Amino acid sequence: MERSDLLKQSRKLFEQGNKNAALKILNRILSSDANNLEALCLMAQVYHSLNKWTKAKETAQKYIKLGGKDWIVYYILADVLFFEGFFEEALVLLKKLLKRSDADKNAITQKI
């Protein structure tokens, strides 16, 4: 199966609530392409939804370090930072997100 098909399948599984199956596919993708931004983006979302804060943070940080731009990953990182008690750092990140046109401003302002 092609990588794009695997990504679609993992997204569908995630949306259906089958998060562990989605993670298995994402791990498979990342085992052959460790810097796949789409897989890292979705993986951060899955870990976040499972309240696996350390994994969500590590994945989000790797995604951002590689140049990923999806606002949701930055939001996830801010959420984890809040959880860990790094309130100022999280707030700075959320305020930066508010300036982006692609970000869900309602979700962000609720967090602030």
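Keep in mind that what you see is a predicted model, and the values were worked out from it rather than measured. (Residues numbered from 1 in each chain as written. Predicted model: local features only at pLDDT ≥ 70, side-chain atom pairs only at ≥ 80, totals over all residues. Heavy atoms only, no water.)

**Q** Residue-level account of the overall build of the chain, with values.
**A** Scanning the chain for helices and strands turns up seven helices and zero strands. In the chain, the order of α-helices and β-strands from amino to carboxyl end is α-α-α-α-α-α-α. Expected size for 112 residues packed as a compact globule is a radius of gyration near 13 Å; at 14 Å, the chain falls within 12% of this value. Principal axes of the C-alpha set define a box for the chain whose edges measure 40 × 25 × 25 Å. Contacts in the chain between residues far apart in sequence, at least 24 positions, make up 43% of those at least 6 positions apart. Within the chain, one finds 19 positive and 13 negative side-chain charges whose respective centroids are separated by 2 Å. (Helix = DSSP H or I, 4+ residues; strand = E, 2+ residues; numbered from the N terminus. Rg over C-alpha atoms; globule rule 2.2 N^0.38 Å. Contact = heavy atoms within 4.5 Å. Lys, Arg positive; Asp, Glu negative; His and termini not counted. Charge placed at Lys NZ, Arg CZ, Asp CG, Glu CD.)

**Q** So what about the confidence of the model for the chain? Which residues, and what values?
**A** When the pLDDT values of the chain are averaged, the result is 94; 99% of them are 70 or greater. Within the chain, the lowest mean pLDDT, 82, falls on helix α7 (residues 105-111), and the highest, 98, falls on helix α3 (residues 37-49). (pLDDT = per-residue confidence, 0-100.)

**Q** Go over the packing of aromatic side chains with me, naming the residues and quoting the values.
**A** Tallied over the full model, the rule gives three aromatic pairs. Between tryptophan 71 and tyrosine 75, the ring centres sit 5.9 Å apart and the planes meet at 65°, which makes this aromatic pair edge-to-face. Of this pair, tryptophan 71 and tyrosine 75 both sit in helix α5 (residues 71-84), four residues apart, which is roughly one turn of the helix. The exposure classification of tryptophan 71 matches that of tyrosine 75, with both residues buried. When the ring centre of tyrosine 74 is taken as origin, the NZ or CZ atom of arginine 100, which lies over that ring, is 5.6 Å away. (Phe/Tyr/Trp six-rings, centres within 6.5 Å; stacked < 30°, edge-to-face > 60°. Buried < 20%, exposed > 50% of the residue type's maximum accessible area, 1.4 Å probe, protein only. Lys NZ or Arg CZ within 6 Å of the ring centre and 35° of its normal.)

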